[in-house]
Amino acid sequence: MISYPHVKVNLGLNVLRKRPDGYHDIETLFLPCREISDTLEIITGDDWSRTSASLFGRYGSCAQAVSRDGRLMITLAREEGVGWDPLDDLTAKAYALLSEDYDLPPVKVFLEKKAPVGAGLGGGSSDGASALLMLNELFSLGLSRGELALYASRLGSDCAFFIYDTPMFGEGRGEVLSPFGINLDGLRMEVIVPKGISVSTAEAYRGIVPGVPAVRLREALSGGAENWKESVSNDFEKTVFAVHPELSSIKDDLYRRGAVYASMSGSGSALFGLFRERA
């Protein structure tokens, strides 16, 4: 089975308060972004892979690992190289998580990473959520979207969003989700991922002063796209732009080119602009 996990952007992101568990309460609107996607294949141990030969052919060297019990083999390919243990990838963790409750057969995972790392687009979270969805279908586990979202929230704060793959308002750590109707008709999205800049979540939170804004995000979003520039913000821009001022320049350029709204996504470094479609 093959899927193409795509990324997300955050339309507004307020860091409200620090929690006793060390995390932060936030509010944000998750939007699917299908412009950037990975390729994920999961097969049972004896099945034939349609992607493995092409991965080794195109990338030469791939990162590969086998779990201690021998039930999972995972292969990762990325143009910039893979700087993490494949068994720490969220696709591998998704298999391990479901294996705690279900007797899953051995599988092989092949993941081609196109989504950037450390860009605030949630590419790794999308891969993990897609793995849960695929394993559920492959092995007829019968899990509902809600049940899968609970598993996904254990993988990462924004993983659950990708189970639903529709605009969702995120609260708590980002895992408390509710449907959110938003009119994006007539708008096109442009995503910019600056090369050579990767921002860790820890770096983005460094210097953040949590606070509840005077106008909460739900209310700000109801004002329409032409009003978002003044009322909808991403709190991480304050800390990330201070370290990477070139990102601020990219945002300014999006507005100069006519964006009705521009912002950094998540904890950065990717930025996106919303433009009115020309008639």
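All values reported here derive from a predicted model rather than from experimental measurement.

Novice: What is the right way to read the environment of Ser233 from this model?
Specialist: In this structure, Ser233 sits in the loop between helix 8 (225–231) and helix 9 (236–243). For Ser233, a relative accessible area of 39% corresponds to the partly exposed category. Taking the C-alpha atoms as reference points, Ser233 and Met264, separated by 31 residues in sequence, lie 8.9 Å from one another. Those residues in contact with Ser233 that sit more than four places away from it in its chain are Gly12, Leu13, Asn14 and Tyr261.

Novice: Can you walk me through the sheet that holds strand 10 (residues 187–192) in this structure?
Specialist: Where strands meet in a sheet, backbone hydrogen bonds hold them as pairs that are either parallel or antiparallel. Pairing is antiparallel across the open sheet formed by three strands, whose spatial order is 10-12-11. The open sheet has two free edges, formed respectively by strand 10 and strand 11 (261–264), since each of these has just one partner strand. Averaged over all pairs of adjacent strands, the angle between their axes in this sheet comes to 20°, without regard to strand direction. As defined by bridge partners, strand 11 adjoins strand 12 (residues 271–276) across four bridges and the pair is classed as antiparallel. From the neighbouring strand, Met264 faces strand 12, where its bridge partner is Leu271.

Criteria and thresholds
- Residues numbered from 1 in each chain as written.
- Predicted model: local features only at pLDDT ≥ 70, side-chain atom pairs only at ≥ 80, totals over all residues.
- Heavy atoms only, no water.
- Helix = DSSP H or I, 4+ residues; strand = E, 2+ residues; numbered from the N terminus.
- Buried < 20%, exposed > 50% of the residue type's maximum accessible area, 1.4 Å probe, protein only.
- Contact = heavy atoms within 4.5 Å.
- Pairing = 2+ DSSP bridges.
- Axes fitted to C-alpha atoms, helices over the stretch in contact; angles between N-to-C directions.

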